[in-house]
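# Residue-level structural notes
Chain by chain, the residues:
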Amino acid sequence: MSPTDSFYNEDIDTIRQREYPMLKEATYLDHSGTTLYAKSLVESFATSMIDGLYGNPHSGSASSILSTKNIDNVRLRVLQFVKADPEEFDVVFTANATAAIKIVTEGFRSRDKGFSYLYHRDAHTSLIGVRESASRGHCFTSDEAVEHWIESGDEAREESGEMPTLFAYPAQSNMNGRRLPLTWPGQVRKTKSNTYTLLDVAAFVSSAKLDLSNLDEAPDFLSMSFYKIFGFPDLGALIVRKPAGHMLSQRKYFGGGTVDLVTCLKEQCYIPKKETIHQQLEDGTLPIHNILALNSAFDVHTRLYGSMDQISKHTSTLARNLYQGLSTLKHFNGQPVCIIYTDSPSSYGGKEQGPTVALNIKDSNGQWVDNSEIEKIASIRNIHLRIGGVCNSGGIAHYLDISPSEMRENLALGQRCGINSLGVGGKPTGIIRVSLGAMSNMTDVTTFIDFVSQFFVEEESQQVDDLDSEKVETPSLFVESLTVYPIKSCSGWPVPANTPWEIKKEGLSFDREWCLVHSGTGRILSQKRYPRMALLKPEIDLKQGMLRVRVKGEKSEEAPEQVSVPLDFRSADFKTPPSNSSGTAANITPYNSPQISDFFTSALGVPCNLARFPASAAGPSTRHSKPHLQKTQVPRKRPMEESIAPATVQTPFPTPPQSPTSSTSQSLLFSNESPILCTTRPSLDALNSELLARGKPPIHYSVFRSNIVIASSLTPTPAYLEDSWTHLEIGDSATPALFQMLGKCQRCSMVCVNQETGAKSEEPFVTLAKTRRFDNKVYFGEHMSLMWGSRDRVFVKIGDVVKASTC
Ligand SMILES: *Cc1c(COP(=O)(O)O)cnc(C)c1O
C-alpha cells in the first residue's frame with residue numbers, strides 16, 4: 001500500500017469528545033462486534049420522533065402515510081449507500097444480517113427440488129447454518145478451491161441436476177478482517193447456470209465502500225446489519241438483485257403485510273403481494289422507528305465522517321500502525337509476543353484487509369498465554385476486546401490449525417463457543433480480536449500496544465525466582481485474624497478475639513452457608529457482577545443463634561435496616577424447593593419471606609432472595625463452589641476424604657499421610673473445593689510496598705477475602721513463604737489441628753472491589769499481574785483444608801500458634 005493512501009482524520013479527537021461521551025476513559029476495540037453511535041444521532045432521532053406523528057404503515061391515515069413515505073425514502077437511501085440502482089435492486093428490512101440470511105435460506109428451501117449450498121471457510125456461523133437446510137453442502141477451504149470451482153464451469157453442476165446452487169461467502173472475515181474477492185459473483189454468473197450468490201457484507205460495510213453499480217458483477221443477495229456501521233439502530237437488511245427475486249417467492253409462510261387477500265372460513269386461499277420483493281418478504285409491522293432512525297444515522301454519519309472512503313483510509317492507517325506495533329514486540333530472548341493471524345501482512349490496512357487484527361500471545365518460552373487471563377487484565381484496564389471463537393469456526397480452525405478431532409476433544413473438556421482458555425495441547429481455542437472503527441483514534445492503538453507490552457512482554461529480570469524452601473527458616477507464625485463469609489460474595493464477618501471458632505471439613509463454621517439468588521433466573525449472585533454485595537454486612541450472633549444482615553452506607557426510608565434468620569437450619573422458614581428441580585439452584589433453599597427478599601432486592605437493586613445451602617449433613621460436595629475458585633481445574637478426590645481421621649480418635653499428632661510433596665506441582669489440582677483461603681501478613685505488606693513504590697495507595701487485606709490471615713512475630717519476614725508450604729499445624733502442641741495446603745489461589749478482577757465501598761478500581765490486580773504471575777496466571781494466597789484434628793471438633797482462635805512445613 002502506498003503512503004499516499006495514508007490518512008488520519010485529524011478531527012477525530014474533537015469528534016470523540018463531543019459525540020462519544022460514553023467512551024470516557026474506555027478503549028473500545030470491538031467495532032466488529034458493534035460500532036458506537038454518536039450523540040447527535042440519538043438526539044436527531046429523538047427530535048424526529050418528538051416532532052412527527054408516525055402511525056402504522058399499511059393504512060390511509062395521514063400518520064400512516066407519513067410513515068410509509070419516510071420508509072420509502074430510507075429504503076432508497078440504503079440503495080444509494082451501496083450505489084445500487086433502485087430499478088435493479090430491492091431492500092428488505094430485517095432484524096439483522098442473520099435474519100437476512102434466513103430469508104434467503106427459507107426461499108431456497110421452499111423450492112421443490114431442494115438446493116445445493118457452497119460456502120467459504122471464512123464464513124460467519126450465521127452463514128454456515130444455511131447448510132442444514134440444503135440437500136447438499138460443501139465448504140471451500142481456500143480461495144483457490146473457490147476459483148477452481150468457478151473455472152470448472154457447469155461441469156461441476158451436473159451432480160446437482162435440477163437443483164439450484166447457492167454460493168455464499170463473506171466480503172470480509174469477521175475473524176481477522178481479511179477481505180475476499182468481490183469479483184466472484186460476476187464470474188459465477190458467467191460460468192454457471194442456475195447458481196446464485198449470497199455475499200455477507202456485515203463486516204465489510206462498516207469500514208469500506210460497497211459499490212453495486214456494476215450490475216454484472218453484483219451478487220444476487222447481500223446481508224448486512226446497520227448497527228455495525230452506525231452503532232444504531234438495531235436493524236438489518238437483505239438487498240436483492242431483482243432478477244434473482246423469484247428464488248425467494250415460494251416460501252410457505254405468509255404474515256400480515258405480505259398478502260393481498262387471505263380467506264380462512266369456507267375456503268382457504270391467499271394471494272401474496274406481487275408488486276415488490278420487499279412486500280412479499282416483510283412479515284408483520286416493520287420496525288418503523290428503527291427504519292426512521294436510519295435516516296438520522298445516514299445524515300449524522302456523513303456529517304461527521306464524510307464518505308466511506310475516508311473512513312476506510314482512516315481505519316486502514318490505524319490498523320497498519322497497530323499491526324506494526326504489535327508485530328515488532330519481542331521478549332528479552334528475541335521470541336515474538338504476538339502471533340497475528342493474517343495472510344497478507346504487507347497489505348495490512350490495504351484493500352485486502354479490513355481494520356481488524358486477530359492475534360494470540362506467547363510467553364518467552366513459546367507457550368501460549370491463556371486468553372481468559374488477557375481478558376481479565378484488559379477489562380481492568382478498561383480495554384474492550386472480543387476474545388474467543390468469534391462466531392467463525394472455519395477461520396479459527398484454519399488459522400489456529402485446530403483439527404476437528406481436537407475441537408471435539410476441547411468440547412469434551414468443557415470448551416464452548418465464547419469460553420476462552422487453552423484447549424488440548426495447550427493450544428488456544430480462540431483469538432483476541434482487535435477491531436477499529438470510524439471513531440477509533442491513535443490513542444486507542446497505542447493504548448493496546450502499550451497494554452501488551454506492559455503485561456506480556458517479558459524482561460529478563462521479570463522471572464520470579466522460585467523460593468528455595470529448604471533454606472528458609474520458618475519464622476514464628478500465628479493466626480492474626482479469622483473471617484467468616486456467611487453469605488457468598490457479601491462482606492466478611494471478623495471472628496472476635498478470644499473466640500475459638502469451629503473449623504469443619506468444609507471450612508470455617510457458617511462460611512458461605514448462605515447465598516443470594518436472582519429471583520428470575522435462580523442463579524447465585526456474585527460480587528463480580530454485583531460489586532454492591534460487598535456492602536451487605538452479615539453478622540453471626542451465636543448467643544441468640546441468629547444471622548443478622550445490615551447494609552453499609554446509605555439507608556432508604558422504606559427498607560428495613562436489617563433482617564435476621566436463625567442459624568439453625570431446622571428452625572428457618574424456607575420455600576419448599578420444587579422437587580426434581582435441576583440446575584444451579586437445585587440444592588439451595590430460598591427463604592419464604594417477602595421481608596427478606598425485599599431487603600436484599602432494595603439493597604442491591606436486583607430482584608433477589610436469600611437462600612441457604614443444604615445443611616452440612618449433605619456434605620461439602622453439594623455445598624457451595626467458592627467464588628475465588630476456578631471452574632476449569634481438574635477435579636480430584638478431595639484430600640479430606642482420603643485422609644481425615646475418624647472424628648473421635650484421640651491420637652498423638654500423626655505424620656502427614658502420603659501425598660505429593662512439591663507444592664508447585666500439587667498446586668490447584670484439588671482446589672475445586674477449597675474449604676479455606678489463607679493469606680499472610682508479610683505478603684500483604686510486600687504487595688502494599690510494591691503499590692507504594694508505584695505511587696499507588698495501599699489496599700486493605702479484605703479485598704482478598706481470605707478466611708485466615710497468618711502473621712509472623714519476627715520482623716522482617718520474607719514475603720510469599722506460603723508458596724512453599726505444604727502443611728500447617730495450628731494450635732498449641734497438645735491439641736493441634738493439621739491442615740493441608742491445596743495450592744495457590746488464582747485471582748481475577750474481584751480483588752479490585754473495595755470491600756468497604758463496593759467501588760472498583762484497577763489495583764491491586766494490575767500490580768499483581770506484574771509481580772505475581774506464574775504460568776500466565778495471577779496468584780495471591782493459598783487454598784487449604786482441614787486434614788486432621790486431635791480432638792473430635794477443631795477450634796481455632798486469633799493468636800493461635802502456626803507451624804508451617806515445606807515437605
Ligand atoms: C456480525 C456479522 C454477522 C452477524 O450479524 P448479526 O447482526 O448478528 O446478524 C454475520 N456475518 C458477518 C461477517 C458479521 O460480521
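You'll find the chain entered in an unreviewed UniProt entry as Molybdenum cofactor sulfurase, with Lachnellula hyalina given as the organism. In the Sequence similarities (unreviewed entry) part of its UniProt record, the chain is described as follows: "Belongs to the class-V pyridoxal-phosphate-dependent aminotransferase family. MOCOS subfamily." In UniProt, the chain has this text filed under Catalytic activity (unreviewed entry): "Mo-molybdopterin + L-cysteine + AH2 = thio-Mo-molybdopterin + L-alanine + A + H2O".

Attention shifts here to the overall build of the chain. When you go through the chain residue by residue, the secondary structure sums to 20 helices and 33 strands. The 807 residues of the chain split such that 54% are buried. Looking at the chain alone, contacts between residues at least 24 apart form 73% of all its contacts between residues at least 6 apart. Counting only carbon and sulfur atoms, one obtains 51% of the accessible surface of the chain, whose full area is about 35,500 Å².

Let's shift gears to the packing of aromatic side chains. Tallying each qualifying case throughout the model produces 30 aromatic pairs. Between Phe167 and Tyr169, the ring centres sit 5.2 Å apart and the planes meet at 25 degrees, which makes this aromatic pair stacked. A relative accessible area of 0% means that Phe167 is categorised as buried. An aromatic cluster is present here, built from Phe108, Phe115, Tyr117, Tyr119, Tyr196 and Phe221 joined pairwise through their rings. Here the basic side chain of Lys744 rests over the ring of Phe774, its NZ or CZ set 5.1 Å away from the ring centre. Here the basic side chain of Lys770 rests over the ring of Phe455, its NZ or CZ set 5.0 Å away from the ring centre.

Quick look at empty space enclosed by the protein now. Throughout the structure, instances matching the rule amount to twelve cavities of 30 Å³ or more. Its boundaries defined by the atoms lining it, the second largest cavity holds a volume of some 70 Å³. If you go around the second largest cavity, you meet 13 residues; those closest to its centre are Tyr20, Ala38, Leu41, Phe230 and His301. Of all the elements in the fold, those that place two or more residues in the lining of the second largest cavity are helix H8 (227-230) and helix H10 (288-305). Sorting elements by how many residues they give to the lining of the second largest cavity places H10 first, with five residues. Its residues assigned to classes, the lining of the second largest cavity shows twelve nonpolar, one polar and no charged.

All right, on to the site of the ligand then. Around the ligand, the structure places Asn96, Ala97, Thr98, His124, Gln172, Asn174, Asp200, Ala202, Ala203, Ser225, Tyr227 and Lys228. Here an oxygen atom of the ligand sits 2.6 Å away from a polar atom, N or O, in the side chain of Tyr227. For the ligand, whose accessible area on its own is 380 Å², the fraction buried by protein is 89%. Those elements that provide at least two residues to the shell around the ligand are helix H4 (97-109) and H8. Each residue belonging to the shell around the ligand can be placed in one class, and the counts come to four nonpolar, six polar and two charged.

Looking now at the nonpolar core. Membership of the largest hydrophobic core comes to 114 residues, with the highest contact counts inside it found for Phe93, Leu326 and Phe448. For this core, the element with the highest residue contribution is H10, accounting for ten residues. With residues up to four places along the chain from it excluded, the contact list for Phe448 reads Leu29, Leu322, Leu326, Leu359, Ile383, Leu385, Ile432 and Val434. Grouped together as the second largest cluster of nonpolar side chains are 52 residues, Trp493, Ile540, Val563 and Met784 included.

In this section: unusual backbone geometry. Between Phe232 and Pro233 the backbone carries a cis peptide bond, its omega angle lying at 0 degrees. Relative to the helices and strands, Pro233 resides in the loop between H8 and strand S8 (236-241). Of note, the bond from Glu763 into Pro764 is cis; its omega dihedral lies within 30 degrees of zero at 10 degrees. Its place among the elements puts Pro764 in the loop between strand S29 (737-746) and helix H20 (765-771). Positive phi values are uncommon outside glycine, yet Arg705 reaches one of about 50 degrees. In this structure, Arg705 sits in the loop between helix H19 (681-693) and strand S27 (708-712). Taking relative accessible area as the criterion, Arg705 reaches 5% and is therefore assigned buried.

Turning our eyes to something else, we now look at the UniProt feature "active site" (unreviewed entry) in the chain. With numbering matched to this structure, UniProt assigns "active site" (unreviewed entry) to Cys391. Following the sequence through the fold, Cys391 ends up in the loop between strand S14 (386-388) and helix H13 (393-399). Residues in contact with Cys391, not counting those within four places in the same chain, are Ala123, His124, Thr125, Asn174 and Arg386.

Spatial ordering of the open sheet is given by S11-S12-S15-S14, a layout of four strands whose pairing is antiparallel. The open sheet is flanked by strand S11 (338-340) and S14, the only strands paired with a single partner. Each neighbouring strand pair of the sheet contributes to a mean axis angle of 30 degrees, computed without reference to strand direction. Pairing between strand S12 (residues 356-361) and strand S15 (residues 431-435): four bridges, direction antiparallel. Looking at the pairing, Val357 lines up with Val434 of S15. Its contacts with the sheet place helix H11 (residues 308-327) against S11, S12 and S15, and it is angled at close to 135 degrees to S11. Sheet strands touched by helix H15 (residues 442-456): S11, S12 and S15. Its angle to S12, the strand with the most contacts, is close to 0 degrees.

Thresholds applied
- Residues numbered from 1 in each chain as written.
- Predicted model: local features only at pLDDT ≥ 70, side-chain atom pairs only at ≥ 80, totals over all residues.
- Heavy atoms only, no water.
- UniProt positions renumbered as here; feature names shortened; annotations may be inferred.
- Helix = DSSP H or I, 4+ residues; strand = E, 2+ residues; numbered from the N terminus.
- Buried < 20%, exposed > 50% of the residue type's maximum accessible area, 1.4 Å probe, protein only.
- Contact = heavy atoms within 4.5 Å.
- Areas by Shrake-Rupley, 256 points an atom, 1.4 Å probe, with all protein chains shown as cover.
- Phe/Tyr/Trp six-rings, centres within 6.5 Å; stacked < 30°, edge-to-face > 60°.
- Lys NZ or Arg CZ within 6 Å of the ring centre and 35° of its normal.
- 1 Å grid on protein atoms, 1.4 Å probe; cavity = no way out; pocket = protein on both sides within 12 Å on 5 of 7 lines; lining within 4 Å.
- Points joined across faces, edges and corners; volume = space filled by probe spheres on them.
- Nonpolar A, V, L, I, M, F, W, Y, C, P; charged D, E, K, R; others polar.
- Near = heavy atom within 4 Å.
- Polar contact = N/O pair within 3.5 Å; in protein donor to acceptor, adjacent residues only side chain to side chain.
- Core = buried A, V, L, I, M, F, W, Y, C linked by side-chain atoms within 4.5 Å.
- Pairing = 2+ DSSP bridges.
- Axes fitted to C-alpha atoms, helices over the stretch in contact; angles between N-to-C directions.

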